[in-house]
Amino acid sequence: MSPTVARVASSSHTLAELERLGTAQNRKVYPRHGVKGPLFGVSYANLRKLAKRLGPDHRLAQELWSSGNHDARVLATMIDDPALVPARIFRQRIRDVDSYVLADALASLVGRSSLRDKMAGEWTAEPEDEWAGAAGWSLVAAQALDTEADLPDGYFSDRLAFIDEHIATAANRVRHSMNGALIAIGCRSRSLRQAAEQVARRIGKVKVDHGQTSCKTPDAIPYLARAWARKASR
């Protein structure tokens, strides 16, 4: 059997396994979170188990993403080798994204790559682009929480200034991710906490439409208070 045929068989087998793992309940729940297109409704617990068993597999990840199936694309972000994905592919994939669930999954993959900072800069530049913006601000949050990241406080101060200026008019899920980035920045240092809280007071409660779900966008100031209290107790 040729290598090409073997790869097709591998992706077909994986798709068949995903279909077997899907549930009718999840196929009802996931669209409430904005998931569109074909999906099997596989739980994240099962996706993580399958990803662990498959291990890193760049070729399979490419094929799964190309299938267009939501569960397959989420799995692709879990098993892809971030070192093998060039910026042009990340740019192509963000154009395929049609829900915040997939935006978050793609951001998780990008966040493990050396292109994290580059894509964060590109995807946060246009707050009206909902899925690129949502992924981009998730990457900014990852930058802030990365204690080994060689980024000065001035960088995050600029990010806070951008949030302050643009969050009110940003797309729905971009507002949620901006709020998450603000909180993450406020967790990075005491001085950034003070700056983040000042911005949070100015912008007030961040309103996000979470659809037919019980999800909520957290209030930054009490969230930061709890986060810093946990730090102090450790």
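Because the structure is predicted, anything quoted here is derived from the model rather than measured.

A. Quick look at the overall build of the chain. From N to C terminus, the chain includes 13 helices and zero strands. When its helices and strands are written in sequence order, the chain yields α-α-α-α-α-α-α-α-α-α-α-α-α. Against the compact-globule benchmark of 17 Å for 234 residues, the chain has a radius of gyration of 19 Å, which places it among compact chains. The buried share of the chain, taken over its 234 residues, is 47%. In the chain, the share of contacts with a sequence separation of at least 24, taken over all contacts with a separation of at least 6, comes to 68%.

B. Structural view of the packing of helix α9 (residues 130-145) against helix α10 (residues 153-166). Direction vectors running N to C along α9 and α10 enclose 145°, while the axes themselves pass 11 Å from each other. In this structure, α9 meets α10 at a crossing whose hand is left-handed. Contacts between α9 and α10 involve Trp 137, Val 140, Gln 143 and Ala 144 from the first element and Tyr 155, Phe 156, Arg 159, Phe 162 and Ile 163 from the second. Of the residues assigned to the contact of α9 with α10, the class counts are seven nonpolar, one polar and one charged.

C. Spotlight on the pattern of salt bridges. Applying the stated criterion across every chain yields a total of eleven salt bridges. A salt bridge links Glu 122 to Arg 91; the shortest N-O distance between them is 2.7 Å. Here Arg 91 lies in helix α6 (residues 87-96) and Glu 122 lies in helix α8 (residues 116-123), a separation of 31 residues in the sequence. According to the relative accessible area criterion, Glu 122 is partly exposed, its value standing at 32%. Two residues, Asp 146 and Arg 116, come together in a salt bridge whose shortest N-O distance is 3.1 Å. Of this pair, Asp 146 sits in the loop between α9 and α10 while Arg 116 sits in helix α8, and the two are 30 residues apart along the sequence. Linked through salt bridges whose partners overlap, the residues forming this network are Glu 17, Arg 20 and Arg 53.

D. Structural detail: α8. Those residues of α8 that fall on the buried side of the exposure criterion are Arg 116, Met 119, Ala 120 and Trp 123. Mapping the buried residues of α8 onto a view down its axis gives an arc of 105°, with all of them on the same face. Elements in contact with the buried residues of α8: α6, α7 (100-111) and α9.

E. Representation of the nonpolar core. One finds Phe 90 and Trp 123 to be the most contacted residues of the largest nonpolar core, which totals 74 residues. Apart from residues lying up to four places away in sequence, Phe 90 is in contact with Val 85, Leu 106, Leu 109, Val 110, Ser 113, Leu 115, Met 119 and Trp 123.

F. Looking closely at the state of the cysteines. Evaluation of the coordinates by the stated rule reveals zero disulfides. Take Cys 187: it sits in no disulfide, and the sulfur closest to it among the cysteines is that of Cys 215, at 20 Å.

G. Molecular detail of the environment of Ala 168. Mapped onto the elements, Ala 168 comes out in the loop between α10 and α11 (172-186). Relative accessible area serves as the criterion here: at 69%, Ala 168 is assigned to the exposed category. Here the alpha-carbon distance between Ala 168 and Ala 16, two residues 152 residues apart in the chain, equals 44 Å.

H. The confidence of the model for the chain, seen in detail. For the chain, mean pLDDT is 94; residues scoring 70 or higher make up 96% of the total. Note on residues 1-9: pLDDT under 50 across the span, and four contacts to partners over four residues away in sequence or across chains.

I. The side chain of Glu 197, seen in detail. On the secondary structure map, Glu 197 appears in helix α12 (residues 190-203). By relative accessible area, which is 11% here, Glu 197 ends up buried. The contacts of Glu 197, once residues within four sequence positions are left out, are Ile 221 and Leu 224.

Thresholds, definitions, all that
- Residues numbered from 1 in each chain as written.
- Predicted model: local features only at pLDDT ≥ 70, side-chain atom pairs only at ≥ 80, totals over all residues.
- Heavy atoms only, no water.
- Helix = DSSP H or I, 4+ residues; strand = E, 2+ residues; numbered from the N terminus.
- Rg over C-alpha atoms; globule rule 2.2 N^0.38 Å.
- Buried < 20%, exposed > 50% of the residue type's maximum accessible area, 1.4 Å probe, protein only.
- Contact = heavy atoms within 4.5 Å.
- Axes fitted to C-alpha atoms, helices over the stretch in contact; angles between N-to-C directions.
- Left-handed = near helix turned anticlockwise from the far one by under 90°.
- Nonpolar A, V, L, I, M, F, W, Y, C, P; charged D, E, K, R; others polar.
- Salt bridge = Lys/Arg side-chain N within 4 Å of Asp/Glu carboxyl O.
- Arc of directions from axis to C-beta.
- Core = buried A, V, L, I, M, F, W, Y, C linked by side-chain atoms within 4.5 Å.
- Disulfide = S-S within 2.5 Å.
- pLDDT = per-residue confidence, 0-100.

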